[in-house]
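# Architecture at a glance
Here is what each chain is made of, one letter per residue.
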Amino acid sequence: MLRFNDILERLTSYNPHADTDFLRKAYVFSAKVHLGQVRLSGEPYLNHPLEVAGIITQLKLDVASVATGLLHDTVEDTLTTLKEIQGNFGEETAQLVDGLTKISLISLRSSEEHQAENFRKMILAMVKDIRVILIKLADRLHNMRTLKYHTPEKQVEIAQETLDIYAPLAHRLGIDWIKSELEDLAFQYLHPEIYEEIKRKIAKKEKERARYIDEVKRTLMKKLYENHIESEVAARLKQIYSIYLKMKEQNIDFDQVYDITAFRVIVNSIKECYDVLGITHSLWKPIPGKFKDYIGLPKENMYQSLHTTVIGPYGERIEIQIRTNEMHRIAEEGIAAHWKYKEGKVVEEAEDKRFTWLRQLLEWQRDLKDDREFIESVKVDLFPNEVYIFTPKGAVKQFPIGSTPIDFAYSIHSDIGNHCVGAKVNGKIVPLRYELRSGDTIEILTSPNQKPSKDWLKFVKTSRAKTKIRQWFTAEEREKSIALGKEILEKEFRKYDLQQAKLIKSGELSKVANEFSFQGVEDLIAAIGYGKLTANQIIGKLLPQEKLEQQKEELKEGRFQHLIQKITRTPKDALLIKGIDNVMVRYAGCCNPVPGDKVVGFITRGRGVTIHTADCQNAMDDDPHRKVEVEWDSTKEYNYPVRIRIHSEDKKGLLAEISNSISSTKANIKNARVDTTEDKKAVSTFEVEIRDLSHLNKVIKALEKIKGVRLVERMRVEAQVES
């Protein structure tokens, strides 16, 4: 059993100035709150936090991490509160304990590979401090070492979770020894018969393998000595789980796994690594395709080494790994290696987004002198652009950061999103604008009476949610447009003794729809409701020209022009509208577009095309499916109303001077209003008629030259566009 003094000895061996009093206080506190508790093995519960703290010292972590190892179960398994931890041991240790507690409270069981990957990402996304993950790995490792005291069902459950979640996490963080031990321990409980069989076969050839290892080592060390290379040569057996995977992947028997023994050569420099590679290949024939240069191209988890497989003595394949002392330390400790030594190098961001977070952690500064600086450098969001949340059934879903319950609802089904009225996050009602956080469990509340709101488009994040919301409004708009189109057609058809039902039944309207390049009659009728087509255009396709000429065109044209003048405030033929002829045009009152402004058009139900300036917020928020390309017709000249606001001093004669200045630019004043403030200031609003944007700018410049005028601005009204 590990003693507290053993932990102190390990800690001070790599951190001589460690605050041992702080650690002793944590040990006493843990012993006190866990007093009387026992594990399934019957041993005192305190043994577990002691062992976890011991593993943390093997990773050479700081005092706060070791203290957290001693305290990590206090909040979850005793009456201790997080506030007590903070009061006794400070905010830093409390945050680490809180991170461990949160991970312990979530269920991570999953048999699907994709879900397991999401679980791993979620754990990483939940924590702001990488030490939480390292301490959790230490906790899981000791729990796996004592797994035999659980029931068989629990053993399988915990072992599978370890293989799916925690062993890959250790691999991602580059801590090879923890990853290997977790895999073998998990495999032992998941496939006990296969595990024992492989273990037995390894033991059977143990003496024979020992002699072989000794011969290879002596041969290699002799050759390295002759070449004046100082080195350390060691041998290790391939882990049992790794042997099993190779047998399974290559469909071979144990006796066909030739590289069970791997040799490792550790030297002092990168140059010597390549020298040893050449010497090794001169001794034994290399196998083509079995050489990997992880020094030139390091793995994502910082691993560096040269790997080669050769035909060794007696024709047996052997794998040889060659690395420097520093590479070996990083291979064993991974990210944890940087807690004491900070000799990493800047690495370009990986092209694979899944490893971006690890690439960022590699960008250590060479001049960091204090562990505190390093700790602050890893207190970052490991997945800054993603959140991972639970469904009510325990599945994990990934969303962009800032996503809301609406985004989640639409990810399930369009109907769920369309009828979403609220949500429960972690059992509490939250507003629809609530931003989801990693680890949240969310449940959507629906009502058959609920409909999407255009306001949702302002805060949803996922493209799916935005598309589905717009599709709903498009469908709703289409239904209204079809109803309006039918009404317009019926009214006009009656003037020519035409019956809509008969024309549909006979297929005549289908032919007209084809002529206008619509897929069917409904699309044709919807276009009329939108104002994209007129009923007269349809009638012109249905009746011969001579019958149409019999109608009183003058009267109808007069009525049509009256309608145009009522809807629009400026001439429609000042614009060229791509793909649409003979359509009603109206200018949005919110932005008052004038020639020279960049403009965009939107088809509005029953009102033709509404014109906005391209930077108008209402245009940006509108449905892109209704957008049409428009441009000013430079051959036409008209007068356009524009509102101007003038901030000035409140002095006698200034209003007359402003009016004269506007008139001097040949702009006509239609309306004017002046308001004065208590601090002797005046705010004047003028509606003037101008020809184009350059004319407007001329008016503004003339006004700005007047003494006493402080600011002249073109007014924009935040109004909702009719649709």
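Here the structure is a predicted model, which means the values were calculated and not measured. (Residues numbered from 1 in each chain as written. Predicted model: local features only at pLDDT ≥ 70, side-chain atom pairs only at ≥ 80, totals over all residues. Heavy atoms only, no water.)

## Structural notes on the overall build of the chain
Within the chain, the secondary structure is distributed over 29 helices and 21 strands. Out of the 723 residues belonging to the chain, those deemed buried represent 49%. Carbon and sulfur atoms form 48% of the exposed surface of the chain, whose accessible area is close to 37,600 Å². (Helix = DSSP H or I, 4+ residues; strand = E, 2+ residues; numbered from the N terminus. Buried < 20%, exposed > 50% of the residue type's maximum accessible area, 1.4 Å probe, protein only. Areas by Shrake-Rupley, 256 points an atom, 1.4 Å probe, with all protein chains shown as cover.)

## Structural notes on the pattern of salt bridges
One pass over the structure, following the stated rule, counts 19 salt bridges. Across the pair Glu157 and Lys154 runs a salt bridge, and its minimum N-O distance is 3.3 Å. Here the residue Glu157 and the residue Lys154 both occupy positions in helix α9 (residues 152–172), the gap between them amounting to 3 residues, near one helical turn. Across the pair Glu197 and Lys201 runs a salt bridge, and its minimum N-O distance is 3.2 Å. Residue Glu197 and its partner Lys201 are located together in helix α11 (residues 192–204), separated by 4 residues, close to a single helical turn. In this structure, a network of salt bridges that share partners links the residues Asp62, Glu92 and Arg131. (Salt bridge = Lys/Arg side-chain N within 4 Å of Asp/Glu carboxyl O.)

## A word on the state of the cysteines
In total, this model carries 0 disulfides according to the counting rule given. For the unlinked cysteine Cys591, the closest cysteine sulfur is that of Cys616, found at 4.0 Å. By relative accessible area, Cys616 is classed as buried at 8%. (Disulfide = S-S within 2.5 Å.)

## Looking at unusual backbone geometry
Even without being glycine, His228 reaches a positive phi, approximately 60°. Along the polypeptide, His228 turns up in the loop between α12 (206–226) and β1 (232–237). Classification of His228 as exposed rests on a relative accessible area of 72%. At Asn251, a residue that is not glycine, the phi angle is positive and equals roughly 55°.

## Brief notes about the packing of aromatic side chains
What the rule picks out here adds up to 14 aromatic pairs. Aromatic rings pair up to connect Phe187, Tyr195, Tyr241 and Tyr244 into one cluster. The ring of Phe89 has Lys25 lying over it, and the distance from NZ or CZ to the ring centre is 5.4 Å. The side chain of Lys454 reaches across the aromatic face of Phe473, ending 5.6 Å from its centre. (Phe/Tyr/Trp six-rings, centres within 6.5 Å; stacked < 30°, edge-to-face > 60°. Lys NZ or Arg CZ within 6 Å of the ring centre and 35° of its normal.)

## Regarding the nonpolar core
Counting residues in hydrophobic clusters, the biggest one holds 72 residues, and the most contacted among them are Leu23, Leu137, Ile178 and Ile198. Looking at this core element by element, the count peaks at 9 residues for helix α8 (residues 130–145). Formed by 30 residues, the second largest nonpolar core is a distinct cluster that contains Tyr530, Val599, Ile644 and Val688. (Core = buried A, V, L, I, M, F, W, Y, C linked by side-chain atoms within 4.5 Å.)

## Quick word on the sheet that holds strand β19 (residues 668–676)
The strands that make up a sheet pair up through hydrogen bonds in the backbone, lying either parallel or antiparallel. Spatially, 4 strands are ordered β19-β20-β18-β21 in an open sheet, and the strand pairing comes out antiparallel. Only two strands of the sheet have a single neighbouring strand rather than two, namely β19 and β21 (709–714). Sheet twist, expressed as the average angle between the axes of neighbouring strands with direction ignored, equals 20°. Pairing between strand β18 (residues 640–649) and β21: 5 bridges, direction antiparallel. Within the sheet, the bridge partner assigned to His647 lies in β21 and is Leu711. Where helix α29 (residues 693–704) meets the sheet, its contacts fall on β18, β20 (681–690) and β21, and the angle it forms with β21 comes to roughly 165°. (Pairing = 2+ DSSP bridges. Axes fitted to C-alpha atoms, helices over the stretch in contact; angles between N-to-C directions. Contact = heavy atoms within 4.5 Å.)

## Brief notes about helix α3 (residues 47–58)
For α3, which comprises 12 residues, the first-to-last C-alpha distance of 17 Å matches the rise-based estimate of 16 Å (1.5 Å per residue) to within 8%. Among the 12 residues that make up α3, 10 are buried, leaving the element largely enclosed by the rest of the structure. Turning to α3, its buried residues number three or more, namely Asn47, His48, Pro49, Leu50, Val52, Ala53, Gly54, Ile55, Ile56 and Thr57. Where α3 is buried, its residues contact α1 (4–14), α2 (20–33), α4 (63–71), α8 and α10 (176–190). Once α3 ends, the next one or two residues include Lys60, with phi positive near 60°. (Expected span 1.5 Å × (residues − 1).)

## Details of the packing of helix α20 (residues 463–495) against helix α24 (residues 535–542)
Where α20 contacts α24, the axes come no closer than 10 Å and their chain directions differ by 50°. The orientation of α20 relative to α24 falls into the category oblique. For the crossing formed where α20 meets α24, the hand is right-handed. Residue-level inspection shows Ile488, Leu489, Glu492 and Phe493 of α20 in contact with α24, the latter providing Ala535, Asn536, Ile538, Ile539 and Leu542. When its residues are assigned to classes, the contact of α20 with α24 shows 7 nonpolar, 1 polar and 1 charged. (Parallel < 35°, antiparallel > 145°, perpendicular 65-115°, else oblique. Left-handed = near helix turned anticlockwise from the far one by under 90°. Nonpolar A, V, L, I, M, F, W, Y, C, P; charged D, E, K, R; others polar.)

## Considering α1
The complete set of buried residues in α1 reads Phe4, Ile7, Leu8, Leu11 and Tyr14. Buried residues of α1, viewed axially, fall in a sector of 140°; they line one side. Of the residues in α1, the exposed ones pointing more than 90 degrees away from the buried face are Glu9 and Ser13. Where α1 is buried, its residues meet α2, α3 and α4. (Arc of directions from axis to C-beta.)

## A look at the confidence of the model for the chain
In this model, the chain carries an average pLDDT of 80, and 81% of its residues clear a pLDDT of 70 or more. Low pLDDT, under 50, characterises residues 338–382; the predicted model gives this stretch 83 contacts beyond four residues in sequence or across chains. The model gives residues 554–570 a pLDDT under 50, and that stretch makes 18 contacts with residues more than four places away or in other chains. (pLDDT = per-residue confidence, 0-100.)

## Regarding the sheet that holds strand β13 (residues 585–587)
Across the sheet, which stays open at both edges, the 4 strands sit in the order β13-β15-β14-β16 with mixed pairing between neighbours. Bordering the open sheet on either side are β13 and β16 (627–628), each of which pairs with just one other strand. Where β13 lies against strand β15 (residues 609–613), 3 bridges are found, and the strand directions are parallel. Bridge assignment links Tyr587 to a residue of β15, and that residue is Ile611.

## Quick word on the packing of α10 against helix α13 (residues 240–250)
Closest axis-to-axis distance for the α10/α13 pair is 8 Å, and the angle between their directions is 70°. Viewed along their axes, α10 and α13 adopt a mutual orientation that is roughly perpendicular. Across from Glu183, Asp184 and Phe187 in α10, the residues of α13 making contact are Ile240, Tyr241 and Tyr244. Broken down by class, the residue content of the contact of α10 with α13 amounts to 4 nonpolar, no polar and 2 charged.

## Thoughts on the environment of Thr68
Along the chain, the position of Thr68 falls in helix α4. Residues Thr68 and Ile85 lie 17 residues apart in sequence; the distance between their C-alpha atoms is 9.9 Å. Excluding residues within four positions of it along the chain, Thr68 makes contact with Thr93, Leu96, Val97, Leu100 and Ile135. Within polar-contact distance, the side chain of Thr68 engages the backbone oxygen of Ala64 at 2.7 Å. (Polar contact = N/O pair within 3.5 Å; in protein donor to acceptor, adjacent residues only side chain to side chain.)

## Some words on the side chain of Ser403
Structurally, Ser403 can be placed in the loop between β8 (396–400) and α18 (405–412). Overall, the relative accessible area of 0% leaves Ser403 in the buried class. Side-chain polar atoms of Ser403 contact the backbone oxygen of Pro400, separated by 2.6 Å. Apart from the residues lying within four places of it in its own chain, the contact partners of Ser403 are Tyr434, Glu435, Leu436, Lys461 and Thr462.

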